[in-house]
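Structural overview
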Amino acid sequence: MANHKSAIKRIRANAAKRLRNRYQAKTTRNAIKKLRLTTSKEEAVSQLPQVVSMIDRLAKKNVIHKKKASNNKSKLTKFVNALS
């Protein structure tokens with residue numbers, strides 16, 4: 001157990017950040033899956049900017065690696081462009 005006030009506060013802050021990161025990461029993963037299951041080009045084109053924004057936010061906060069974010073965005077864009 002932590003003995004210092006600052007260490008106790010750090011534990012609380014880390015727990016809160018962990019929960020927030022997990023929530024945002026899971027929400028993004030669900031949005032990616034939803035986009036991948038889309039068969040309509042118009043719907044996919046409208047969803048893509050929102051999903052890319054979510055991915056960028058996760059990368060900015062180091063929840064996911066920036067290269068993983070880049071790969072995800074690239075694959076999703078290719079997928080949307082291939083829809084007819």
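Before reading on, note that the structure itself is shown above.
Let me sum up the structure you'll find in this document.

Parameters at a glance
Residues numbered from 1 in each chain as written. Predicted model: local features only at pLDDT ≥ 70, side-chain atom pairs only at ≥ 80, totals over all residues. Heavy atoms only, no water. Helix = DSSP H or I, 4+ residues; strand = E, 2+ residues; numbered from the N terminus. Axes fitted to C-alpha atoms, helices over the stretch in contact; angles between N-to-C directions. Parallel < 35°, antiparallel > 145°, perpendicular 65-115°, else oblique. Contact = heavy atoms within 4.5 Å. Nonpolar A, V, L, I, M, F, W, Y, C, P; charged D, E, K, R; others polar. Core = buried A, V, L, I, M, F, W, Y, C linked by side-chain atoms within 4.5 Å. Buried < 20%, exposed > 50% of the residue type's maximum accessible area, 1.4 Å probe, protein only.

Looking now at the environment of Ser70. Relative to the helices and strands, Ser70 resides in helix H3 (residues 66-82). Taking the C-alpha atoms as reference points, Ser70 and Arg20, 50 residues apart in sequence, are found 22 Å from one another.

Two elements in contact, helix H2 (residues 41-60) and H3, have axes separated by 10 Å at closest approach and are oriented at 175°. With respect to H3, the axis of H2 lies roughly antiparallel. Of H3, the residues touching H2 (which contributes Lys41, Ala44, Val45, Leu48, Val51, Val52, Ile55, Asp56 and Ala59) are Lys66, Ala69, Asn72, Lys73, Leu76, Thr77, Val80 and Asn81. For the contact of H2 with H3, the per-class residue count stands at 10 nonpolar, 3 polar and 4 charged.

Let's shift gears to the nonpolar core. In this structure, Leu35, Leu48, Val51, Ile55, Ile64 and Leu76 are the most contacted members of the largest nonpolar core, which totals 17 residues. Secondary structure elements with two or more residues in this core: helix H1 (5-37), H2 and H3. Of all the elements, H2 adds the most residues to this core, at 8 residues. The residues contacting Leu76, other than those within four sequence positions of it, are Ile32, Leu35, Arg36, Leu48, Val51 and Ile55.

Attention shifts here to the side chain of Thr28. Note that Thr28 resides in helix H1. Residue classification places Thr28 among the buried positions, given a relative accessible area of 5%. When residues no more than four places from it in sequence are discounted, the contact partners of Thr28 are Met54, Ile55 and Leu58.

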